[in-house]
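Observations on the model geometry
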Amino acid sequence: MTEDAFVALVTEGQPLQPVYFSYDARRNRQAHALMDEEEPPPPFTLEELVARRDAGAAVLDPRDPLDFAAGHLRGSINVGLHGRFAELGGDVLAPDRPVVLVSEPGTELEAKVRLGRVGFDHIDGALADPPRVLVEHEELVEPSSRLTVAELDARAREVGALQVVDVRNPGETADRTIPGAATIPLPQLTARMGELDPARPTVVYCASGYRSSIAASALAAAGFDDVSDLLGGYEAWKAQQAGRANESWGGEEEPHA
């Protein structure tokens, strides 16, 4: 086996290098203060957090995608704490940009520590009592659009220029994608947003729905007007296609012997 063939074999299906790797390599060669893993980010009032956001801080919401979709602070990016939080957060957050958190009470320290372990240690603070604040300030809160596969089909019929984006890794998209989808892996989304039209209705999907919520929220925070993500992702779409094929086959009469 040649060296090139060996490398291709052992790297087949591997995800793309996370965006933050080069940043980490540089930070690891620099002297900096040790992170305090016992002290949570300082609590912010809503006014303080909005002021930080308006001054350029990223608002990171690490709640479950379903909770985020029900209502979140406008301009927030959703990276669920229950998944590959630090890795995928590093794909959509700029390392030199301060971060403020809107998280479930009691999870602020975990979010801070996990981000800090990949070099994102500029966590300015966290919103105090988010459940109450989000309920009391509806003017600053918006829901996310999450579509089922049936709703995606209806949306495609309704909108002639629907923009569909597949944010899975190359090894995942090599087999098949939803027809017409643009393939932009999540680690490349920030750098390649210019390839997409922010004025076109957009639907984002991944394998199951976790990464697509991240991508959709990042696009919305960047100014895309109409963004949804696909519940269940490509696997749900594939299951629907298989169901349709089975229905078609089952509807035919069996030939007589």
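This text goes with the structure placed above it.
Residues numbered from 1 in each chain as written. Predicted model: local features only at pLDDT ≥ 70, side-chain atom pairs only at ≥ 80, totals over all residues. Heavy atoms only, no water.

1. A closer look at unusual backbone geometry
Of note in the backbone geometry, Asp129 takes a positive phi value of approximately 55° without being a glycine. Judged by its relative accessible area of 37%, Asp129 falls in the partly exposed class. (Buried < 20%, exposed > 50% of the residue type's maximum accessible area, 1.4 Å probe, protein only.)

2. Here we look at the sheet that holds strand β6 (residues 123–127)
Picture the strands of a sheet paired through backbone hydrogen bonds; they go either parallel or antiparallel. Read across the open sheet, the 5 strands follow the order β1-β6-β5-β2-β4; overall the sheet is parallel. Looking at strand neighbours, the two that pair on one side only are β1 (43–44) and β4 (77–78), the edges of this open sheet. Two strands pair when backbone bridges link them, and strand β2 (residues 58–61) and strand β5 (residues 99–101) are joined in this way by 3 bridges, in the parallel orientation. Its bridge partner lying in β5, Ala58 is registered against Val99. (Pairing = 2+ DSSP bridges. Helix = DSSP H or I, 4+ residues; strand = E, 2+ residues; numbered from the N terminus.)

3. Let's talk about the pairing of strand β11 (residues 202–205)
Side chains of β11 alternate between two faces, with Thr202 and Val204 and Val203 and Tyr205 buried alike. Summarising the sheet, strand β9 (residues 163–166) and β11 pair through 4 bridges and their orientation is parallel. In the strand pairing of β11, Asp166 is matched with Tyr205. At this point the chain moves from β11, through helix α11 (residues 210–221), to the parallel strand β12 (residues 227–230), and the crossover so formed is right-handed. (Right-handed = clockwise from strand over helix to strand, strands pointing away.)

4. Some remarks on the sheet that holds β11
If you walk across this open sheet you meet the 5 strands as β8-β12-β11-β9-β10, and the pairing is parallel. The open sheet has two free edges, formed respectively by β8 (145–147) and β10 (182–183), since each of these has just one partner strand. Contacts from helix α8 (residues 149–158) reach β8, β11 and β12 within the one sheet, and its direction differs from that of β8 by about 100°. Here α11 sits on the sheet and contacts β8, β11 and β12; the angle it forms with β12, its principal contact strand, is near 175°. (Contact = heavy atoms within 4.5 Å. Axes fitted to C-alpha atoms, helices over the stretch in contact; angles between N-to-C directions.)

5. Section: the pairing of β6
Among the 5 residues of β6, 5 are classified as buried, and the element is accordingly described as predominantly covered. In this structure, β1 lies alongside β6, joined through 2 bridges in parallel fashion. The partner of Phe44 across the bridge, within β6, is Leu127. Across 3 bridges, the pairing between β5 and β6 is parallel. Pairing of Leu101 across the sheet is with Ala126, part of β6. Once you follow β5 into helix α6 (residues 108–116) and on to β6, the crossover reads as right-handed.

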